[in-house]
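Fold and geometry: a report
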Amino acid sequence: MSKKRKSVVAAFASVSLIGAAPVYAVPDISPVTETVSGASECESVGQGFSNGEVYKDRSCVLLTDFLASPDAYKGEKMHGTLTMLFNSSAMGRQMLTEAAAEGYRLCDMNLPPYVAAMHFKDDRKIGVDYSHEKSQLDYLTNVVHELGHFYQQSHFGVNHFALERSLYDNQRVMLAMETAAPVMEVIAVYEAGLAGSVNWRAAYMKNSIKRQLLENFDQEYNLSRSSGESHRAAINRAAASAWQAVLQDQYKLDFYNNRAARTTLMYSEFLRSDMTSYDRNAVIDQVNNAGRIGDTISFTSFDALPSTQRLFGKSDQTRQFFEAVEWYRISKIWGTDHPDVQARYDGLVTANNAFIQKDFEQVICKMKQGMNTRDALDDTIVPLTAAEISTRVNVNVRFHM
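Now for a quick tour of the structure.

The rules we used
Residues numbered from 1 in each chain as written. Predicted model: local features only at pLDDT ≥ 70, side-chain atom pairs only at ≥ 80, totals over all residues. Heavy atoms only, no water. Helix = DSSP H or I, 4+ residues; strand = E, 2+ residues; numbered from the N terminus. Contact = heavy atoms within 4.5 Å. Areas by Shrake-Rupley, 256 points an atom, 1.4 Å probe, with all protein chains shown as cover. Phe/Tyr/Trp six-rings, centres within 6.5 Å; stacked < 30°, edge-to-face > 60°. Buried < 20%, exposed > 50% of the residue type's maximum accessible area, 1.4 Å probe, protein only. Lys NZ or Arg CZ within 6 Å of the ring centre and 35° of its normal. Disulfide = S-S within 2.5 Å. Core = buried A, V, L, I, M, F, W, Y, C linked by side-chain atoms within 4.5 Å. Pairing = 2+ DSSP bridges. Expected span 1.5 Å × (residues − 1). Polar contact = N/O pair within 3.5 Å; in protein donor to acceptor, adjacent residues only side chain to side chain. Axes fitted to C-alpha atoms, helices over the stretch in contact; angles between N-to-C directions. Parallel < 35°, antiparallel > 145°, perpendicular 65-115°, else oblique. Left-handed = near helix turned anticlockwise from the far one by under 90°. Nonpolar A, V, L, I, M, F, W, Y, C, P; charged D, E, K, R; others polar.

With that out of the way, let us pick up the overall build of the protein. Regarding its fold elements, the protein presents 16 helices and eight strands. Across the protein, contacts joining residues at least 24 apart in sequence account for 70% of those joining residues at least 6 apart. About 17,300 Å² of surface is accessible on the protein, with carbon and sulfur atoms providing 47% of the total.

Structure (structure tokens):
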């Protein structure tokens, strides 16, 4: 592999793992089999496939049943998590009871060690792997994070991805959602601390990210309270500050920017010539609602988002990847011969964009086979044939992302 190619694929080496999985707002479509020009037959192993992982439930508890009779579930591993969540804060109880009202379950699920938890919107469940043997506080924050996504999507229609949106607007909404959820974790833990049910200073090491977020949250909260603000106003002010801090986390920026670009490519075959415009006010509303819980908690704002450049942090490679993927997206809508599309292409070539001359159909083919972004961008890796894929995975398995 050449030195230049190594630098290109290395940009995605740290963001190739699956995280707490988003649910995408896309048409009722299922990319299954497609023949790519100049390539072998390209068969999808299912949106969300990665390294052959299948997420199986060990046991589940219906939240309504737990709330009706908590003691009946003392033998279940999630009993301590649900009890702590109910007792943690008003926000925790609200999220739990409203998810219960919509028929949600909490499941002990077989997950890879690098996956904290998962939200399955269609199945109305949240999966946590209790074999990881984390602390109850860790499990609490995992569940709050996923309940945050439930709240974003169920109550306010906020979705990580919409086919008609530009890559940059999908980036804004996805980052708003995925950086708001960790702040909801902080709010739940902090309010539990105020109630005396959690000692977060003892639970988190001083140099940990969560401890630093909570220390800063505490400082902002106390400053607001000392100036005469109410508890709820102080919580929102501290949460808005914490949100800005999370938006500077390079790992999160890399991870979710990679996911936004990858998803754009995976669904690009469904772009149509009539997708030339959309309501950007809806994007603004989604960012504004990403940090809302009911009528009292609201800490995200479109106007407070960092500039597009800052949403890449220090990763110039990811910025270049976005430029090339967005060009590919509009070329699928307008056609490569459109003057504006051609002018954008020529500009990126002149600027030595590292990705603009990639064969994105080949890249997409590899992604459909389950390759991570880094490997899919590597020109030395050849796509598998459909026959080879069928010997490795069961393509009828439904994978969740």
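So, about the packing of aromatic side chains. Given two aromatic rings, one states the distance between the centres and the angle between the planes to describe the pair. Inspection of every chain in the model, using the stated rule, returns 16 aromatic pairs. Plain terms: the ring middles of W327 and Y345 are 5.1 Å apart, the flat faces sit at 50° to each other, and that makes the pair tilted. Remark: Y345 occurs in helix α13 (residues 339–350) and W327 occurs in helix α12 (residues 316–334); sequence separation between them is 18 residues. Owing to a relative accessible area of 24%, Y345 belongs among the partly exposed residues under this scheme. One aromatic cluster is present, formed by Y104, F150, Y151 and F156 through successive ring pairs. When the ring centre of F86 is taken as reference, the NZ or CZ atom of R93 above it lies at 5.9 Å. The ring of F120 carries K125 above its face, with NZ or CZ at 5.3 Å from the centroid.

Here we take up the state of the cysteines. Summed over all chains, the structure comprises one disulfide. Each sulfur in the disulfide pair C60 and C107 lies 2.0 Å from the other. Here C60 and C107 share a disulfide; its torsion about the S-S bond, 110°, makes the bridge right-handed. Within this pair, whereas C60 is found in strand β3 (residues 57–62), its partner C107 is found in strand β4 (residues 105–109), the two being separated by 47 residues in sequence.

Formed by 100 residues in total, the largest nonpolar core has its most connected members in M91, L106, I187, F217, L265 and F299. Here this core gets 16 residues from one element, more than from any other, and that element is helix α6 (residues 167–195). Grouped together as the second largest cluster of nonpolar side chains are seven residues, Y55, C107, M109 and F120 included.

The next subject is the pairing of strand β6 (residues 125–128). Two faces make up the sheet, and in a regular strand the side chains alternate between them. On β6, burial covers both faces: K125 and G127 on one face and I126 and V128 on the other are all buried. Relative to β6, β4 runs parallel, the two being bridged by four bridges. Along β6, the bridge assignment pairs L106 with I126. In this structure, the hairpin formed by strand β5 (residues 117–120) and β6 is closed by a connection of four residues, where R124 is found at a positive phi of approximately 55°.

Our next topic: helix α10 (residues 250–266). Over its 17 residues, α10 extends 24 Å from the first C-alpha to the last, a length consistent with the 24 Å expected when each residue adds 1.5 Å. Most of α10 is tucked away: 14 of the 17 residues are buried. The N-terminus of α10 is capped by D249, whose side-chain oxygen sits 3.0 Å from the backbone nitrogen of Y251.

This part is about the packing of α6 against helix α11 (residues 280–289). The geometry of α6 relative to α11 is characterised by a closest axis approach of 9 Å and an angle of 15° between their N-to-C directions. As far as their axial angle goes, α11 and α6 are roughly parallel. Both α6 and α11 take part in a crossing whose hand is left-handed. Here D169, R172, V173 and A176 of α6 come into contact with α11, specifically with R280, V283, Q286 and V287. When the residues that make up the contact of α6 with α11 are grouped by side-chain class, the tally is four nonpolar, one polar and three charged.

Residue placement: R93 occurs in helix α4 (residues 90–101). Judged by its relative accessible area of 32%, R93 falls in the partly exposed class. In this structure, the C-alpha to C-alpha distance between R93 and A188, residues 95 residues apart in sequence, is 9.7 Å. When residues no more than four places from it in sequence are discounted, the contact partners of R93 are L85, F86 and N87.

Let us look at unusual backbone geometry. Even without being glycine, R124 reaches a positive phi, approximately 55°. Position of R124 relative to the elements: it lies in the loop between β5 and β6. One non-glycine residue, N352, adopts positive backbone phi at about 60°. By the secondary structure assignment, N352 is in the loop between α13 and α14 (360–368). For N352, a relative accessible area of 61% puts it in the exposed group.

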